Amino acid sequence: MPRGRYAPSPTGALHLGNARTALVAWWQARSRGGSFTLRVEDLDEARTVSEAVQGNLDELRWLGIDWDEGPDVGGPHESYRQSERLDLYHQALERLEASGHLFECYLSRKDLRELASAPHGSFPVYGEPERRANERLAQAKRAGGKDPSVRFRVPDVTVEFSDLLMGAKRFDVRKEVGDFVVRRADNVLAYQLAVVVDDIAMGITEVVRGDDLLTSTAAQLLLYRALDVDPPEYAHVPLLLDETGRRMAKRKGSLTLSALVANGVRPERVVGLLAYSLGVTSVLEERSAEECLDHYELARLRQEPVSLTPAELAWLTGES
Ligand code: GLU
């Protein structure tokens, strides 16, 4: 039986782009009789907005999405909040450490920026020059009391996978991502590690998420390999762009579900618009998430990013 999931980071109210990905994840699992898990990715305390934890659950329910396992309904893989699963991540770190996949990095953000020959102020992809600089400086920095971050040593291999939606994908993770952080210097565990550990522990068989995470997926596939576990299948959904062609972001206050709820917009309007923007339906009309299950087929989803038109936005808010 397929096991799908949606894993919001509660850094604010969900926007239309988040809702769209959540709907695809739910349709993908439910249309084939699969189960659905809701996991809250609240590892980074500084970015977590406490009201958004419950808020995101309420917003998803309002849309018509339900789950069999989650923070509010429980389940066999509790806890469904990453902040309460730290032991599992530390165990995985120990395994990766024991198999020689990790190293301590003493370089500061400033060091990294200075090492970047590329555009001013940007961070380099962590590769050979950074590894060498780290080896050169580690001892002095350790003596000076600097806490290291822990990075995954990316091997020189090509990662290939077949995305359910986007087809064959191929990445040179050393060139595109570099040695990535699995535990920050302030001890916060990284998304890349936690998401892999949790998807394994929760028995997730398919991961549906935004295509902004494609290179992250390539990095995560290396973690699966290092942990000697078969990865789930992936479907990366092209992002929804706002009317100016930019990707939606919570911090920009892009159309959030809570704002739409407050303005009296019906969930069927939101779902109808998103289903239409995805190619799930061919007519722009009100639909419930449940009704769309009959129309949903992954292979028919649009594969390019979509911008909402002013006319569609006006329809959404009932101005037309
Ligand atoms: N928590 C991540 C986010 O909200 C999603 C992670 C994932 O789906 O793998 O962007």
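Residues numbered from 1 in each chain as written. Predicted model: local features only at pLDDT ≥ 70, side-chain atom pairs only at ≥ 80, totals over all residues. Heavy atoms only, no water.

**Student:** Describe helix H3 (residues 86-98), listing the residues and the values that go with them.
**Tutor:** With 13 residues, H3 extends 18 Å from end C-alpha to end C-alpha; this agrees with the ideal 18 Å at 1.5 Å per step. Considered for burial, the residues of H3 that qualify are Tyr-89, Ala-92, Leu-93 and Leu-96. Projection of H3 onto a plane perpendicular to its axis shows the buried side chains occupying an angular sector of 105°, all on one side. In H3, those exposed residues whose orientation departs by more than 90 degrees from the buried face are Asp-87, Glu-94 and Ala-98. Summarising the contacts, the buried residues of H3 are in contact with strand E3 (102-105), strand E4 (149-152), strand E7 (180-183), helix H7 (191-201) and helix H8 (214-227). The positive-phi residue at the C-terminal boundary of H3 is Gly-100, with phi of around 75°. (Helix = DSSP H or I, 4+ residues; strand = E, 2+ residues; numbered from the N terminus. Expected span 1.5 Å × (residues − 1). Buried < 20%, exposed > 50% of the residue type's maximum accessible area, 1.4 Å probe, protein only. Arc of directions from axis to C-beta. Contact = heavy atoms within 4.5 Å.)

**Student:** Outline the site of the ligand, supporting the account with residue identities and numerical values.
**Tutor:** Around the ligand sit Arg-5, Ala-7, Ser-9, Glu-41, Tyr-191, Val-195 and Arg-209, and those are all the residues in its vicinity. Between Glu-41 and the ligand, the recorded distance is 2.6 Å, taken from a side-chain N or O atom to a nitrogen atom. Protein contacts shield 78% of the accessible area of the ligand, which totals 300 Å² for the unbound molecule. Its residues assigned to classes, the shell around the ligand shows three nonpolar, one polar and three charged. (Near = heavy atom within 4 Å. Polar contact = N/O pair within 3.5 Å; in protein donor to acceptor, adjacent residues only side chain to side chain. Areas by Shrake-Rupley, 256 points an atom, 1.4 Å probe, with all protein chains shown as cover. Nonpolar A, V, L, I, M, F, W, Y, C, P; charged D, E, K, R; others polar.)

**Student:** An account of the sheet that holds E7 is needed here, citing residue identities and associated values.
**Tutor:** Hydrogen bonds along the backbone pair up the strands of a sheet, which may run parallel or antiparallel. Spatial strand order, E3-E4-E7: three strands in an open sheet with antiparallel pairing. Since the sheet does not close on itself, it has two edges, and those belong to E3 and E7, each with one partner. With direction set aside, neighbouring strand axes in the sheet form an average angle of 45°. As paired elements, E4 and E7 share three bridges and run antiparallel to each other. (Pairing = 2+ DSSP bridges. Axes fitted to C-alpha atoms, helices over the stretch in contact; angles between N-to-C directions.)

**Student:** Can you break down the nonpolar core residue by residue, with the values?
**Tutor:** Leu-16, Trp-27, Ile-65, Phe-152, Leu-193 and Val-270 are the most contacted members of the largest nonpolar core, which totals 83 residues. In this view, Leu-16 contacts Leu-240, Met-248, Leu-255, Leu-257, Leu-260, Val-270, Leu-274, Leu-308 and Leu-316; residues no more than four positions away in its chain are not counted. Residues Phe-103, Cys-105, Leu-107 and Tyr-126 belong to the second largest nonpolar core, which totals six residues. (Core = buried A, V, L, I, M, F, W, Y, C linked by side-chain atoms within 4.5 Å.)

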